[in-house]
Amino acid sequence: MTSTLVMVGMLIACQVKDEVEPPAPVVEAVAKKLAEHGGAAAERRLREWAEQGSPVAARELGLLYSQDAAKHKEAMRLLEKAALAGDAVSVDYLSTRYRSSATMANADGTQSWPLYVQLTHQPRAK
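From a predicted model like this one, the values you see are computed outputs, not experimental measurements.

Within the protein, the regular secondary structure consists of seven helices and zero strands. Listed N to C, the secondary structure of the protein is α-α-α-α-α-α-α in terms of helices and strands. In the protein, which comprises 126 residues, the share counted as buried stands at 37%. Intrachain contacts of the protein at a sequence separation of at least 6 include 48% that bridge at least 24 residues. Just so you have it, the protein exposes about 7300 Å², and 58% of that area is on carbon and sulfur atoms.

As a further point, take the packing of helix H2 (residues 24-37) against helix H3 (residues 40-51). The contact between H2 and H3 brings their axes to 9 Å, and the two run at 145°. The two elements H2 and H3 meet at a crossing, and its hand is left-handed. Where H2 approaches H3, its residues Val-26, Val-27, Val-30, Ala-31 and Leu-34 are matched on the opposing element by Ala-42, Glu-43, Leu-46 and Trp-49.

Using the criterion set out here, one finds nine salt bridges in the structure. Here Arg-59 ties to Glu-28 by a salt bridge, and the two come within 3.2 Å at their closest N and O atoms. Placement of Arg-59 in helix H4 (residues 55-65) and of Glu-28 in helix H2 is noted, with a sequence separation of 31 residues between them. A residue is classified by how much of its surface remains accessible, and Arg-59, at 7% relative accessible area, is buried. Residue class for Glu-28 comes out partly exposed when judged on its relative accessible area of 32%. Arg-77 serves as the salt-bridge partner of Glu-74, at 2.8 Å between the closest nitrogen and oxygen. Of this pair, Glu-74 and Arg-77 are both found in helix H5 (residues 72-84), three residues apart, which corresponds to roughly one turn of the helix. Exposure remark for Glu-74: the relative accessible area of 22% places this residue in the partly exposed category. You can call Arg-77 partly exposed: its relative accessible area is 42%.

Now for the nonpolar core. Val-27, Leu-46, Trp-49, Ala-57 and Leu-78 are the most contacted members of the largest nonpolar core, which totals 17 residues. Not counting chain neighbours up to four residues away, the residues in contact with Val-27 comprise Pro-22, Leu-46, Trp-49, Ser-54, Val-56, Ala-57 and Glu-60.

The next thing to look at is the environment of Ala-75. By the secondary structure assignment, Ala-75 is in helix H5. For the pair formed by Ala-75 and Leu-63, sequence separation is twelve residues and the distance between their alpha carbons is 6.6 Å.

On to H4. Among the eleven residues in H4, nine count as buried, and that is most of the element. Taken as a whole, H4 has its buried residues at Pro-55, Val-56, Ala-57, Ala-58, Arg-59, Glu-60, Leu-61, Gly-62 and Tyr-65.

Turning to H5, a few remarks are in order. Taking 1.5 Å per residue as the helical rise, H5 with its 13 residues ought to reach 18 Å, and the 18 Å between its terminal C-alpha atoms agrees with that figure. All of the buried residues in H5 are Ala-75, Met-76, Leu-78, Leu-79, Ala-82 and Ala-83. All buried residues of H5 fall inside an arc of 165° around its axis, so they share one side.

The rules behind the values
Residues numbered from 1 in each chain as written. Predicted model: local features only at pLDDT ≥ 70, side-chain atom pairs only at ≥ 80, totals over all residues. Heavy atoms only, no water. Helix = DSSP H or I, 4+ residues; strand = E, 2+ residues; numbered from the N terminus. Buried < 20%, exposed > 50% of the residue type's maximum accessible area, 1.4 Å probe, protein only. Contact = heavy atoms within 4.5 Å. Areas by Shrake-Rupley, 256 points an atom, 1.4 Å probe, with all protein chains shown as cover. Axes fitted to C-alpha atoms, helices over the stretch in contact; angles between N-to-C directions. Left-handed = near helix turned anticlockwise from the far one by under 90°. Salt bridge = Lys/Arg side-chain N within 4 Å of Asp/Glu carboxyl O. Core = buried A, V, L, I, M, F, W, Y, C linked by side-chain atoms within 4.5 Å. Expected span 1.5 Å × (residues − 1). Arc of directions from axis to C-beta.

Read these as geometric descriptors, not functional statements.
Structure (structure tokens):
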């Protein structure tokens, strides 16, 4: 009960400051609650933050969506967006996927290779 109230409080606080990107711990806490308990409001908030440019929100939503085969394309789009914005977790996740699976783009993996190179050779955000 307490954790639910904390999450609701975080969502309300972040709604007041829509133009301000929430800190990574807030985004990650909302994503954790969404993963554990579901909730349309938490998912909607993560999507809004991702659309506003939060790489952490894009990463967290992408990781959640990667667990659902029907949302695979959206998951990869979000993770690529976060990785290209410098999110180290997304870079590591995608580079591991690209290295281990040539089927990400096609049978020989040639379409995924340029993005893999770009992701693994850019400076990483801390």
